[in-house]
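Here's the letter readout for the chains.
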Amino acid sequence: RNPYHRPRILRGKFTKVRRPATAEEYCQLMRSGSRPLRRFLFFLRRTGARTCEARNLTWDEVFLDGPTPFLSISRHKQFHKTGQARKIGLDPSTARFLRNLARQYERRCNCGCEACAADISPNVFTNGRGEPWNRHAFCRHLRRLAKAIGLDEGTADRRQADVEVTLARTDSV
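Residues numbered from 1 in each chain as written. Predicted model: local features only at pLDDT ≥ 70, side-chain atom pairs only at ≥ 80, totals over all residues. Heavy atoms only, no water.

Visitor: For this particular structure, what's the right way to read the sheet that holds strand S4 (residues 86-89)?
Guide: By definition, the strands of a sheet pair up through backbone hydrogen bonds, in either a parallel or an antiparallel sense. Spatial strand order, S2-S3-S4: three strands in an open sheet with antiparallel pairing. The sheet terminates laterally at strand S2 (62-63) and S4, the two strands that pair on one side only. Here S2 pairs with strand S3 (residues 70-73) via two bridges, running antiparallel. In the strand pairing of S3, Phe-63 is matched with Phe-70. (Pairing = 2+ DSSP bridges. Helix = DSSP H or I, 4+ residues; strand = E, 2+ residues; numbered from the N terminus.)

Right under this line is the structure:
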């Protein structure tokens, strides 16, 4: 038995379950979002990487040269179990997208001085100020955008989800 019991204040309440964005919702987000957010969402959709992996991705983990471009993510969810880096293969369009980002990254400062080099983040995806995304800022930015364009939170009560699954089963029978 688990010695932890659910707090009394939460008993009887259902947690919200996330659902993936539909293709229409993704298109709306891409049309309305800022350039850094659009880049981030495109990368997540094309690679299937976790949000934390994409936020922490640095240029030394991106390998675009060679016959098969890939990402070698050393900080990931299962590292403590496997002890190995997670490798994600890239399709040609995603590799081209990252090559263009790399060119823009190299052109951020042409003077080559140490002061400018210290200000440039080694992360692949940065926010509008050139700083790496943090978890709270990314979620807040995405939620505000979704609310502004009229999308729901992307969650459903478990009770409602169970009812929908039950209805789907009875309809198919």
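Visitor: Whenever I open this one, the packing of aromatic side chains confuses me. Can you help?
Guide: Note on aromatic pairs: each is described by the distance of the centres and the angle between the planes. As enumerated under the stated definition, the model contains seven aromatic pairs in all. Measuring from ring centre to ring centre gives 5.5 Å for Phe-40 and Phe-125, while their planes differ by 85°; the resulting arrangement is edge-to-face. Of this pair, Phe-40 sits in helix H2 (residues 35-47) while Phe-125 sits in the loop between helix H6 (114-119) and helix H7 (135-148); the two residues are 85 residues apart in sequence, bridging distant segments of the chain. The same class applies to Phe-40 as to Phe-125, namely buried. Consider the rings of Phe-40 and Trp-133, whose centres lie 6.2 Å apart with planes at 50°: the pair is tilted. One end of the pair, Phe-40, is in helix H2; the other, Trp-133, is in the loop between H6 and H7, and 93 residues separate them in sequence. On the basis of relative accessibility, which here comes to 0%, the residue Phe-40 falls in the buried class. A residue is classified by how much of its surface remains accessible, and Trp-133, at 7% relative accessible area, is buried. Taken together, the aromatic side chains of Phe-40, Phe-43, Phe-125, Trp-133 and Phe-138 make up a single cluster linked through ring pairs. Arg-45 extends its terminal NZ or CZ atom over the ring of Tyr-26, reaching a point 4.3 Å from the ring centre. (Phe/Tyr/Trp six-rings, centres within 6.5 Å; stacked < 30°, edge-to-face > 60°. Buried < 20%, exposed > 50% of the residue type's maximum accessible area, 1.4 Å probe, protein only. Lys NZ or Arg CZ within 6 Å of the ring centre and 35° of its normal.)

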